[in-house]
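Letter by letter, the chains look like this.
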Amino acid sequence: MMWENKKAVIFDLDGTLVDSMWIWRDIDIEYLGRFGISVPSGLQTEIEGMSFSETAVYFKERFHIPDSLEKIKRDWNQMAWDKYTFQVPLKEGVSEFIGQCRSRGISLGIATSNSRELVENIIAVHGLNDDFSCIMTGCDVKQGKPSPEIYLAVAQALQVMPKDCLVFEDIVPGIQAGKNAGMEVCAVEDAYSLYQTEEKKALADYYIKDYREILQSAADNRTTGNK
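Model, not experiment: these values are computed from the prediction. (Residues numbered from 1 in each chain as written. Predicted model: local features only at pLDDT ≥ 70, side-chain atom pairs only at ≥ 80, totals over all residues. Heavy atoms only, no water.)

## What to know about the side chain of lysine 145
Keep this limit in mind: Helix and strand assignments follow DSSP, with helices taken as H or I runs no shorter than four residues and strands as E runs no shorter than two, numbered in order from the N terminus. Burial status follows relative accessibility: with a 1.4 Å probe on protein chains alone, a residue under 20% of its type maximum counts as buried, one over 50% as exposed, and anything between as partly exposed. For this analysis, a polar contact is any N or O atom pair within 3.5 Å, provided that within protein one partner can donate a hydrogen and the other can accept it, and provided that sequence-adjacent residues contribute only side-chain to side-chain pairs.
One can find lysine 145 in the loop between strand E3 (134-137) and helix H7 (149-158). Accessibility expressed as a relative area gives 7% for lysine 145, which makes it buried. Polar side-chain contacts of lysine 145 include one of 3.0 Å to the side chain of aspartate 12. Polar contacts involving the side chain of lysine 145 include one to the side chain of glutamate 169, which spans 2.6 Å.

Structure (structure tokens):
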């Protein structure tokens, strides 16, 4: 089993813990539309792995946005909040999987490129406040994914060696970040990154369509008498 002998599980947020990657294209269309700008093709791929702050800098410089970086980020948070609250579900089986991790004494952390305001609101909406011992955002470290910095920072905060961590990620730069940190990585299927499926499978140690696969595997092992 992928979690056997692991002391910590670290999740990315968007597309991994919650089914939310789709909202950011909608927000990009609406936000850039305010300035009379159409979303260029390939934009989401170009900003993959960037922190919330890095993305704001990118938008300001590339699209010549007149607003301050703080206003850009504040506008994005406001635009995203209603969608996260009312339209974004957890990934299938993730609540049960988190419960299984906690019952096994596995520490849980989040390593996300999203803003702290949004991630804290998201876990509150889904009643997960007490489940995570560490939440780290891309703005808390110097380099975004695929740099391993954010995953190493979470492991340090959880007081767990990288080799004892299992990472869940949905995009290529995130998988690379976890591997670069010396951790095992499980790639999670997401509609946004279906075109990357084969690359994700090649880079990651494991691949799941949803967390019910892990729960079913654990149930099957109990039935056959394995760990």
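## A word on the nonpolar core
For clarity, the cut-off: By nonpolar core is meant a set of buried Ala, Val, Leu, Ile, Met, Phe, Trp, Tyr and Cys residues that side-chain atoms within 4.5 Å join together.
Among the nonpolar cores identified, the biggest contains 50 residues, and Phe11, Trp76, Phe97 and Phe168 are the most heavily contacted of them. Ranked by size, the runner-up nonpolar core spans 23 residues in total, among them Ala155, Val160, Cys165 and Ala204.

## Notes on the environment of valine 94
Spelled out, the test is: Contacts are assigned to residue pairs that have any heavy atoms within 4.5 Å of one another.
Mapping valine 94 onto the fold places it in helix H5 (residues 94-103). As for valine 94 and aspartate 190, which are separated by 96 residues in sequence, their C-alpha atoms are 14 Å apart. Non-local contacts of valine 94, meaning those with residues more than four positions away in its chain, are made with Phe11, Leu17 and Tyr211.

## With respect to the sheet that holds strand E5 (residues 184-188)
This is how it is decided: At least two bridges found by DSSP between two strands is the condition for calling them paired. In this analysis an axis means a line fitted to C-alpha atoms, helices contributing only their contacting stretch, and an angle means the value between N-to-C directions, from 0 to 180 degrees.
In spatial order, the strands read E3-E2-E1-E4-E5-E6; together these six strands make up an open sheet with parallel pairing. Each edge of the sheet is formed by a strand with only one pairing partner; in this case those strands are E3 and strand E6 (206-208). Each adjacent strand pair in this sheet contributes to an overall mean axis angle of 20°, direction not counted. Inspection of the sheet shows E5 paired to E6 by three bridges, in the parallel sense. Its bridge partner lying in E6, valine 188 is registered against isoleucine 208. Running over the sheet, helix H8 (residues 172-180) touches strand E4 (165-169) and E5 and is turned about 165° from E5.

## Considering the packing of helix H1 (residues 21-33) against helix H4 (residues 69-86)
Our working rule: For classification purposes, angles smaller than 35 degrees are called roughly parallel, those larger than 145 roughly antiparallel, those between 65 and 115 roughly perpendicular, and all remaining angles oblique. Handedness of a helix crossing follows the sense of rotation of the near helix relative to the far helix, less than a right angle counterclockwise being left-handed and clockwise being right-handed. Residue classes follow a fixed rule: Ala, Val, Leu, Ile, Met, Phe, Trp, Tyr, Cys and Pro count as nonpolar, while Asp, Glu, Lys and Arg count as charged, and any other residue, Gly among them, counts as polar.
Where H1 meets H4, the axes come as close as 10 Å, and the angle between the chain directions of the two elements is 130°. Classified by the angle their axes make, H1 and H4 are oblique. Of the two elements, H1 crosses H4, and the hand of that crossing is right-handed. Contact residues: Ile23, Trp24, Asp26, Ile27, Glu30 and Tyr31 in H1; Ile72, Asp75, Trp76, Met79, Ala80, Lys83 and Tyr84 in H4. Here the residues of the contact of H1 with H4 sort into nine nonpolar, no polar and four charged.

## Topic: the environment of lysine 142
By the element assignment, lysine 142 lies in the loop between E3 and H7. Owing to a relative accessible area of 76%, lysine 142 belongs among the exposed residues under this scheme. Separated by 88 residues in sequence, lysine 142 and glutamate 54 have C-alpha atoms that sit 9.9 Å apart. For lysine 142, the residues in contact, after removing those within four places along its chain, are Glu54 and Glu149.

## What about the pattern of salt bridges?
A side chain with one charge may pair with a side chain of the opposite charge, provided their charged atoms come close. Our working rule: Each salt bridge in this description consists of a side-chain nitrogen of Lys or Arg and a carboxyl oxygen of Asp or Glu lying within 4 Å of one another.
If you walk through the whole model with that rule in mind, you get 16 salt bridges. Ionic pairing is found between lysine 91 and aspartate 190, a salt bridge with its closest N-O pair at 2.7 Å. Placement of lysine 91 in the loop between H4 and H5 and of aspartate 190 in the loop between E5 and helix H9 (197-203) is noted, with a sequence separation of 99 residues between them. Grouping residues by exposure puts lysine 91 and aspartate 190 together as buried. Among the ionic pairs, aspartate 210 bridges to arginine 212, the shortest N-O distance being 2.7 Å. Judged by its relative accessible area of 13%, aspartate 210 is buried. What you see here is one network of salt bridges that share partners, running through Asp12, Lys145 and Glu169.

Nothing here speaks to function; it is all geometry.
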